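So you can see what is in the structure, the chains are spelled out below.
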Amino acid sequence: MLISEIFNVTSGQVMSRITTEIDEVEIRKVLLPKAISNGVVMDSELVDNKMKTKLDESKMTMEGDIIVKLSTPYEACVIDSNHVGLVVPSFCAILRLENNQIDKNYAVAYINSKLFVEQVQRMVTGSVTGIMSVGQLKSIDIPNKSIDLQKRIGLEYKKMTTNKMLLEKMIKLQNEKIETMISEGGNNE
């Protein structure tokens, strides 16, 4: 199944056309490519931008959208209810499901897989920047699996991303504990 057959695919907003330092109409959170990691939106990487004009809603996230980074590392995430209304910049593409012929979490699992990256690398070979175009993204083939298998893959992918985030959090806390112990001198045995 080609991405263009499953999704309505649009590019993100060119930010220089809508941002300003003076006389803003509104302030909006922007979903920078680095905020997409491990299949989720990293809130700590979202930034506020002053907008000089009202933004076209088609360039903002809606629940259920899949946002794909068009540059390396090529990754994607599904937008949940907590991340609706984010501005999608031009280094990302928005995939909106046209019908229910694919499980969104399966699609994200595939886009975040080695097989997807291999397809993209064949397309952008020779490109200095390694940036994939929306046209190239539309022509990528997602393996057609039964809907039951898609749901199982999607569920396993969600479990894996949750576990990965929890492990990273645990490692960060352990590191902070060690740093605190070191900075306190460690003389109390």
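To be clear, the structure that these remarks concern was listed above.
Fair warning: this is a prediction, and the values are worked out from it, not measured in the lab.

Quick word on unusual backbone geometry
- A cis amide bond links T72 with the next residue in sequence, P73, at an omega value of -5 degrees.
- Assignment of secondary structure puts P73 in the loop between β6 (66-69) and β7 (76-78).
- For N38, which is not glycine, the phi dihedral falls at a positive 55 degrees.
- Among the secondary structure elements, N38 is positioned in the loop between β3 (36-37) and β4 (40-41).
- Look at N38 and you get buried, because its relative accessible area is 14%.

Brief notes about the pattern of salt bridges
- Across all of its chains, the model carries six salt bridges by this definition.
- Residue E75 is joined to K69 by a salt bridge in which the shortest nitrogen-to-oxygen separation is 2.9 Å.

So, how was this worked out
Residues numbered from 1 in each chain as written. Predicted model: local features only at pLDDT ≥ 70, side-chain atom pairs only at ≥ 80, totals over all residues. Heavy atoms only, no water. Helix = DSSP H or I, 4+ residues; strand = E, 2+ residues; numbered from the N terminus. Buried < 20%, exposed > 50% of the residue type's maximum accessible area, 1.4 Å probe, protein only. Salt bridge = Lys/Arg side-chain N within 4 Å of Asp/Glu carboxyl O.

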